[in-house]
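Next come the chains, spelled out residue by residue.
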Amino acid sequence: MELGLPDLDTQKAIADFLDRETSRIDRLIEKKERFLDLAARRIHALVDEAFSDSEVPNVRFENVVRRMQRPVILSEHDELIRLGLFNRGRGMFKKPAADEVGMGDSSFYFVREGDLFLSG
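Keep in mind that this is a model prediction, so the values were computed, not measured.

A. Structural view of the overall build of the chain. When helices and strands are tallied, the chain shows one helix and two strands. Going from the N terminus to the C terminus, the chain shows its helices and strands as α-β-β. Here the C-alpha coordinates of the chain stretch approximately 80 × 60 × 20 Å along the principal axes. Buried residues in the chain amount to 6% of all 120 residues. Within the chain, counting contacts between residues at least 6 apart in sequence, those at least 24 apart form 45% of the total.

This is the structure:
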């Protein structure tokens, strides 16, 4: 197998170029990470400020969302994808699939992308 081999000056020029570009990319990444950290801190500060401001009105959750339920009527051959919630608002997860046997008096609903669901 033949391989092209540039002269030493060209190799050094390529290495210098790659070093400069890699350093530039690293600096851009550091700047972006710093910006994201500062933005997150600013958001938290604004939220804290809003919640501690006595002039900001409190409203009941039920007055700012619309409750929707999409009941599911199961047949004997349906398979369910059960959903669960992680503690402390860390998201949801899919439980192993199941049929309706052994699910007791549970109610079943369709969940669509973008839905907010609360448990317990």
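The rest of the description comes next.
B. Focus on the pattern of salt bridges. Counting across every chain of the model gives four salt bridges. In this structure, Glu21 and Arg24 form a salt bridge, with 3.2 Å as the shortest nitrogen-oxygen distance. Highlighted residues: Glu21 and Arg24, both in helix α1 (residues 8–52), separated by three residues, approximately one helical turn. Assessed through its relative accessible area of 25%, Glu21 is described here as partly exposed. Given the relative accessible area of 41%, Arg24 is considered partly exposed. The salt bridge involving Arg70 is made with Asp115; its shortest N-O contact spans 2.7 Å. With Arg70 in the loop between α1 and β1 (83–85) and Asp115 in the segment after β2 (92–94), the pair connects residues that are 45 residues apart, well separated along the chain.

C. Fine view of α1. Compared with the 66 Å implied by 1.5 Å per residue over 45 residues, the 66 Å span of α1 between its first and last C-alpha is a close match. Capping the start of α1, Asp7 holds a side-chain oxygen 3.0 Å from the backbone nitrogen of Asp9, two or three residues further along.

D. View of the packing of aromatic side chains. Enumeration over the complete set of coordinates arrives at one aromatic pair. Note on Phe86 and Phe93: the rings are 4.6 Å apart at their centroids and 40 degrees apart in plane angle, and the pair reads as tilted. Residue Phe86 is classed as partly exposed on the basis of its relative accessible area, which comes to 39%. Accessibility expressed as a relative area gives 29% for Phe93, which makes it partly exposed.

E. Here's a closer look at the confidence of the model for the chain. Per-residue confidence for the chain averages 85 on the pLDDT scale, and 92% of its residues sit at or above 70. Here β1 stands out as the element of the chain with the lowest mean pLDDT, 79, in contrast to α1, whose mean of 95 is the highest.

Criteria and thresholds
Residues numbered from 1 in each chain as written. Predicted model: local features only at pLDDT ≥ 70, side-chain atom pairs only at ≥ 80, totals over all residues. Heavy atoms only, no water. Helix = DSSP H or I, 4+ residues; strand = E, 2+ residues; numbered from the N terminus. Buried < 20%, exposed > 50% of the residue type's maximum accessible area, 1.4 Å probe, protein only. Contact = heavy atoms within 4.5 Å. Salt bridge = Lys/Arg side-chain N within 4 Å of Asp/Glu carboxyl O. Expected span 1.5 Å × (residues − 1). Polar contact = N/O pair within 3.5 Å; in protein donor to acceptor, adjacent residues only side chain to side chain. Phe/Tyr/Trp six-rings, centres within 6.5 Å; stacked < 30°, edge-to-face > 60°. pLDDT = per-residue confidence, 0-100.

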